[in-house]
Amino acid sequence: QVQLVESGGGLVQPGGSLRLSCVASGSIFRIYDMYWYRQAPGNERELVAGITSGGNTNYADSAKGRFTISRDGAKNMVSLQMNSLKPEDTAVYYCKAVVVVTGTGVPRASWGQGTQVTVSS
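Okay, so let's go over this structure. What you see is a predicted model, and the numbers here were worked out from it, not measured in a lab.

**Digging into the nonpolar core**
- Ranked by internal contacts, the top residues of the largest apolar core, which has 30 residues, are W36, V48, F67, V78, L80, M82 and Y93.
- Elements with a contribution of two residues or more to this core: β1 (2–7), β3 (18–26), β4 (28–39), β5 (46–51), β7 (67–72), β8 (77–82), β9 (91–101) and β11 (115–119).
- Top element by residues in this core is β9. It accounts for six residues.

**With respect to the state of the cysteines**
- Evaluation of the coordinates by the stated rule reveals one disulfide.
- Here C22 connects covalently by a disulfide to C95, the sulfurs 2.2 Å from one another. One disulfide, between C22 and C95, carries an S-S torsion of -75° and so falls in the left-handed class. With C22 in strand β3 and C95 in strand β9, this residue pair connects regions lying 73 residues apart in the sequence.

**Quick word on the environment of D33**
- Tracing the chain through its elements places D33 in strand β4.
- Between the C-alpha atom of D33 and that of R66, which follows or precedes it by 33 residues, the distance is 21 Å.
- Among residues more than four places away in sequence, those in contact with D33 are I51, T52, S53, R71, K96, A97 and V98.
- A polar contact of 3.1 Å, which involves the side chain of D33, links it to the side chain of Y35.

**Observations regarding the pattern of salt bridges**
- Applying the stated criterion across every chain yields a total of four salt bridges.
- Here D89 ties to R38 by a salt bridge, and the two come within 2.9 Å at their closest N and O atoms. Placement of the pair is D89 in the loop between β8 and β9 and R38 in strand β4, with a sequence separation of 51 residues. Pair check on accessibility: D89 and R38 agree, each one buried.
- Note that R66 is salt-bridged to D89, the shortest N-O span being 2.7 Å.

How each quantity is defined
- Residues numbered from 1 in each chain as written.
- Predicted model: local features only at pLDDT ≥ 70, side-chain atom pairs only at ≥ 80, totals over all residues.
- Heavy atoms only, no water.
- Core = buried A, V, L, I, M, F, W, Y, C linked by side-chain atoms within 4.5 Å.
- Buried < 20%, exposed > 50% of the residue type's maximum accessible area, 1.4 Å probe, protein only.
- Helix = DSSP H or I, 4+ residues; strand = E, 2+ residues; numbered from the N terminus.
- Disulfide = S-S within 2.5 Å.
- Contact = heavy atoms within 4.5 Å.
- Polar contact = N/O pair within 3.5 Å; in protein donor to acceptor, adjacent residues only side chain to side chain.
- Salt bridge = Lys/Arg side-chain N within 4 Å of Asp/Glu carboxyl O.

Don't take any of this as a statement about function, it's just geometry.
Structure follows, in structure tokens:
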């Protein structure tokens, strides 16, 4: 009923930048918080950044000062601007949104399929 589609991943050199985007579609009544997570091979999925419907943000220590999360409510979209990328940022990046599906009244978490980010020279 809700689909999240990420885009913007790819291969970038250390020190470079990428901008990830995630668009939510489907029977959406309301979107609450939106997040970016990442999972590197052999590691657990970890929170990178989150943003509330009011625009309040939070970041993992590893992302502070380098990444910026933003959202466009009219487009049901969340973005992650990533600067000064490091090899250790290499991972699959996932979008997550807390969504109320039309007619349900219950907020539920939905996940995208992920987009690969590789930082390498």
